[in-house]
Each structure stands twice: as structure tokens, then as C-alpha cells.
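Understanding the architecture of this molecule
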Amino acid sequence: MSHVPGLPGQPPHGEGRADPGVFGAPFEPRPGVYGEQYAAPYGPPAPHPPHGHGHPQPPGGGRKARRRTGAVVAAVLAGVLVIGAGAWYATGDGGSGDSKPPVAQGSASAAPEQTDDTPPGRTRTPAPTPADLNAARKDGESKVLWVQANTVDLPGRGGSQFGPWFAGDIVAKAMHRTVSGYSAADGTPKWSVDLRARVCSAPTLPSTDGKIVVALESGPPDSAQCDRLLMIDLRTGTEGWKATFERVGVWDGLSDIAMAVNGDVVTVGRTSRTDAYRISDGKHLWDEVPGNCQPYGFAGGAVPLAATSCQTAADDHAIQHVRRIDPATGKEVWSYPVKKGFKVDQFYSTDPPVISLRQGKERWGIVILNADGTYRSQLVGNDGENYAPRCGKDLRAQNPNLDNCLGVAADTDTLYLATEPVSAGRKTLPTNAVVAFDLATGRSRWRTDAPAEQNLMPLRVEDGRVLMYLDAMRHYGRNKGGGIYALPPTGGALQPVLRHPESATGVEASFSTAHIAYSGGRAVLTQPYISGGDDQQEKDIVSMLAFGD
């Protein structure tokens, strides 16, 4: 097994048996069986979160220096393919927060240039245009539909982009103090909402009728709290209801907020409490549920699964459950007890329920439940093989949603999981594979390797095929375009769905740790975190990139 610098070494393999009534038998999470989950295997290291779920978290954060690097990852389970990512958490206010008119296709040239605004010794590279990127397009390749340069003046060390969210022919995102909507077809700006406060959390998916509820900060920068809500209609950019939720007790942290949409309900989860609001009119539906076990986060979608933690005498919240809860009433439908000391890490799927459980950084288990919450199986990894889905919560200090992973997908019978990338030599980029697991037994069925020096990340199952994103490769003068590909339930050869042009490899490769959405025959890549060496470099960054036929 591999060892990640800065992390504890993994214990040796062992079969182990589950305690009765915990994972159901015959397995318990085995130390190291799935391998370490690498933070950002394809890009620069991202800021690591100081906090996680299930324990008290101090509010706020400090202002950082201007130099930054950082970009991160993640995804979602159903509906539009949206892959989340990480963020440096800042409450400081550095930029003006004003967004200039969006530019849907960037500058006319990608050649470096020196301007009066560029610091001495630095050059700037304006964003390329679709015409630039499509000039050498080959037969069978899709087109770059539009390029969106960053337009928001950001504070401190940059900021996170939330989204993308799709509603009809609109694709929308939130950045710092702005929520913007664009034409999904050509990137034309359609509307923009000035929030006058920083976005600190947002659901992974909008409601089915195209509404999103974002969380906003209040208070001075050095002690800001994430405690306000605003509903926005993504189809029109119209602001709706507003609400404020208050901190209740010492365990109620307002720094890490997990949000999810289930039907007409948005939930706002934190360490020991969840508030639920009706999206259509903003009515507060419920908060604390009976008993000493409280939900701290939901997974979005049609099946409302929640992670709950229980107040104990030791005040360690070490007892957790997976529960199906009616989001409109807060009433429990069923409950599955998690082995003591393990915490709900992510919901890889809600239908069927597939849950990632962790005990610190050393132990990891993936449990599969039946629709009624009873134990079905647990994943049994292949010897010598590590698995590496990438989830936003592990890499960002804010917005730790429980439904935003890239590299994992499930249908009724099969779980598709990305392996850890492995390099064949010093001058080659790492390559991974996708492994299919039988949900009835937890054991592997087949494996399909990605093309050399590229990586496949499962997104969702649609029309009987697993859809995957293949990343772009640019290394030592070798270029390979990325794209959307598919595999049938039996595995085999990759089936191209959307082949991105090799001529756009340079800019696509810069999105190696991106949110990725595939909707309406278009692939939209969104940078999860925007940062540059100075204001001008920051505004030259390509923040969104769209492909289609």
C-alpha cells in the first residue's frame, strides 16, 4: 500500500469481522483496503480544510496573503453531472466584489503580453477565444462552444466558484458576491445578481424547477458567520425570499455549512443541527428533531438521506447514523447505525444507498444498503489496488456538502469506482482505471483501463451506460484531448460520447481539478477556485469552458 507524505502510514491488510448489528457481516472496514484518498492527484496541492463534520468547529477565518495557488475537485450523484471542488476559506474582504460585464469568449489572442497593470517581470496571457481553440479541430471532434474569462475582483487569496447549475437553457454559477447566468448554448451573459455579501455555501444541485438557495456571510470580515439565505430563480435571475438562521448552543457552528435540495426543500446542516426551508416560499419547516441524534447534512436528490451525529457524555459525537428523513417534516423513515468511531464521509449514491465511512485518515469503508436501510454488502477491494474518488469536502474548508464526489457512480446492481492513478515511468503521467463492483456481494466484476497518461472518472449511469469524464493530457509536447465517454454494464472498449478537440488541450488541462457538468449534449467545465498572482492574472483565468457538437 502507498504512503502519502504528511499522512499516517496505513495499517497492514486484514480481513476483520463486523460487530453484530453494525455493518451486518461478514466484513468491517479494513485498514487501507481502498488505499489513501489522494487530495489532488492531477494538479497543484489545494488548501486543506481545518475542520470536518461531527465535531465542533470555530467560526470565521483569517485574512491571507495575496500569493496563492490552489485548485480542487469533486462531483454529484444524480441529475446533471456536477463535480464539486475545493476552496480556500476566507472571510477577509480584499476585492471590491463588483463583477464587470462578463466576457463570453475572452480576448482575441492568447499570446503573452505586458500591460501597464502587469507587475514588473510578469506577463499576462489573455483567455483564448473559441476560434483560437477550434482552428485545428479534427474530424470527429466536438467544438469549443464558448470560453468564459473570470470577471470578478476577488479578495485575499482568491475565491470559490459554486455551481454550475442548469435551469432550462441557462447555466449559472456563484462567485464571491455575485451569482450569474449564461446561455448554455453560446455563453452569452443573461443576468447577474449583486449579492453585497460573500457566498459561503450552496447546494450541489438546484431544485427541479430551476431555483437555488445560497448561503451568505454577515458581520465584519474577521468574525463573519455563514447565517443568511437567499433564493434565486436561475431561469430569470430574480431574487426571492431571504432568511436568517441563528446559532443555537456551543455545538452549532456557522463556519462549515452543508446544503442540499430534496424536492421543494433546502436543508442547511452544521455540526449538531439542521434547518429546513420550503424553497417555493421560504417557510421554515423544522430544525431540531426529537432525541440526542441530530442531522448535520443531507444528500440532494429524490431519496433524502442524512448523516446524523449523537451527543454523548464524552461530547465527542462519535456515534453516527445514516437515516432516511422526510425533508418536509424532519420525521425519520429508517435508520442505519454506523460502527462507533466511524463518520459518514460522503453519499456516493442515494438510490441505491452507497455510503463512504471513515475513521480518521487511516480507515475507510464503503457500505451498501437496501432501500429500507438494512445492510446489503460492503465493498471488498482487490489486493494491491487503491481507489481514489475525489470529494470536495476533503479539500475545502467551506461548503462541505455530502453529495459532491467525482470518480464514483452507481446503478441498481453495480458501483463504478476510479482507481488511484499510477505512473509507468519518470517521464509519463499517471493512468488510472475504472472498476465495476457487484452491489450484492461487494466484489469486483471487471476493470477497464484509461488511455495511457489519462484518467477516467465516473460521473453517473444513464440509459444503461456509465458516463465518465476523460481528462485532457499535455506533457512533454504530447497532447490528448479529453471528453465524455461511456461504458456498457459489461465493461469493454470505451465509447465516445463527446470528443473534445486536441487543439484545446492546453486550456482544458488547466481544468484538471474542475467541476464538470454534462447536460443537453454539452460538457461545461468550471474552475472550482480562482486565484492569480495579481488582479490582472486573476481576471485572465478561464473560469468556464464549454464543449459541444
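Let us look at the structure shown here. As the structure is a prediction and not an experimental result, all values here were calculated from the model.

With that settled, consider the overall build of the protein. Looking only at helices and strands, one finds 3 helices and 37 strands in the protein. Among the 549 residues that make up the protein, the fraction classed as buried is 60%. The long-range fraction of contacts in the protein, counting pairs at least 24 apart against all pairs at least 6 apart in sequence, stands at 56%. When the accessible surface of the protein is split by element, carbon and sulfur atoms take 51% of a total near 20,000 Å².

Bringing the pairing of strand β34 (residues 515-519) into the picture now. Along β34, 4 of the 5 residues are buried, which leaves the element largely enclosed by surrounding structure. Bridge count for β34 against strand β35 (residues 522-526) is 5 bridges, and the pairing is antiparallel. Bridging from a neighbouring strand, A517 pairs with V524 of β35. Turn length for the β34-β35 hairpin, with the two strands adjacent in sequence and antiparallel, is 2 residues, and the turn residue G520 shows positive phi of about 60 degrees.

Taken in spatial order, the 4 strands make up an open sheet running β1-β37-β35-β34, and their pairing is antiparallel. A strand with exactly one partner marks an edge of an open sheet, and here the two such strands are β1 (143-149) and β34. On average, each strand axis in the sheet is inclined to that of its neighbour by 15 degrees, with strand direction left out of account. Relative to strand β37 (residues 542-548), β1 runs antiparallel, the two being bridged by 6 bridges. Bridge pairing in β37 places W146 opposite A546.

Counting residues in each nonpolar core, the largest one holds 25 residues, and the members touching the most others are L545 and F547. For this core, the secondary structure elements donating two or more residues are β1, β28 (456-462), β29 (465-470), β32 (483-487), β34, β35 and β37. If you look at the next biggest cluster of nonpolar residues, it comprises 19 residues, including V193, L216, I232 and L234.

Bringing the packing of aromatic side chains into the picture now. A complete count under the given rule lists 4 aromatic pairs for this structure. Residues W241 and Y277 carry aromatic rings whose centres are separated by 5.9 Å and whose planes lie at 20 degrees to one another, so their mutual orientation is stacked. Within this pair, whereas W241 is found in strand β9 (residues 238-244), its partner Y277 is found in strand β12 (residues 273-278), the two being separated by 36 residues in sequence. Given a relative accessible area of 12%, W241 falls into the buried group. With centroids separated by 6.2 Å and ring planes inclined at 55 degrees, the aromatic side chains of W286 and F298 adopt a geometry described as tilted. Of the two residues, W286 sits in strand β13 (residues 284-286) while F298 sits in strand β14 (residues 293-298), which places them 12 residues apart along the sequence. Taken as a pair, W286 and F298 share a single burial class, namely buried. The residue whose ring lies beneath R358 is W364, and the NZ or CZ to ring-centre distance is 4.4 Å.

Okay, the pattern of salt bridges next. This model, assessed by the stated rule, comprises 14 salt bridges. Here E332 ties to R323 by a salt bridge, and the two come within 3.4 Å at their closest N and O atoms. Two residues, R445 and D438, come together in a salt bridge whose shortest N-O distance is 3.4 Å. You can call D438 buried: its relative accessible area is 18%. Residues joined by salt bridges that share partners form a network here, namely R270, R273, D275 and D287.

Take the state of the cysteines next. Taken as a whole, this structure holds 3 disulfides when the rule is applied. Through a disulfide, C293 is tied to C310; the S-S separation comes to 2.0 Å. Here C293 and C310 share a disulfide; its torsion about the S-S bond, 105 degrees, makes the bridge right-handed. Note that C293 is positioned in strand β14 and C310 in strand β15 (residues 305-310), a separation of 17 residues in sequence.

The next subject is unusual backbone geometry. With omega at 5 degrees, the peptide bond leading from G163 into P164 counts as cis. For P164, the location among the structural elements is in strand β2 (residues 159-167). With omega at 5 degrees, the peptide bond leading from D351 into P352 counts as cis. Relative to the helices and strands, P352 resides in the loop between β18 (343-350) and β19 (353-359). A positive phi angle, near 65 degrees, is found at E453, a position not held by glycine. Tracing the backbone shows E453 in the loop between β27 (444-449) and β28. The phi torsion at D463 lies on the positive side, around 55 degrees, for a residue other than glycine. Turning to its location among the elements, D463 is positioned in the loop between β28 and β29.

The rules behind the values
Residues numbered from 1 in each chain as written. Predicted model: local features only at pLDDT ≥ 70, side-chain atom pairs only at ≥ 80, totals over all residues. Heavy atoms only, no water. Helix = DSSP H or I, 4+ residues; strand = E, 2+ residues; numbered from the N terminus. Buried < 20%, exposed > 50% of the residue type's maximum accessible area, 1.4 Å probe, protein only. Contact = heavy atoms within 4.5 Å. Areas by Shrake-Rupley, 256 points an atom, 1.4 Å probe, with all protein chains shown as cover. Pairing = 2+ DSSP bridges. Axes fitted to C-alpha atoms, helices over the stretch in contact; angles between N-to-C directions. Core = buried A, V, L, I, M, F, W, Y, C linked by side-chain atoms within 4.5 Å. Phe/Tyr/Trp six-rings, centres within 6.5 Å; stacked < 30°, edge-to-face > 60°. Lys NZ or Arg CZ within 6 Å of the ring centre and 35° of its normal. Salt bridge = Lys/Arg side-chain N within 4 Å of Asp/Glu carboxyl O. Disulfide = S-S within 2.5 Å.

These values are about where atoms sit, not about what they do.
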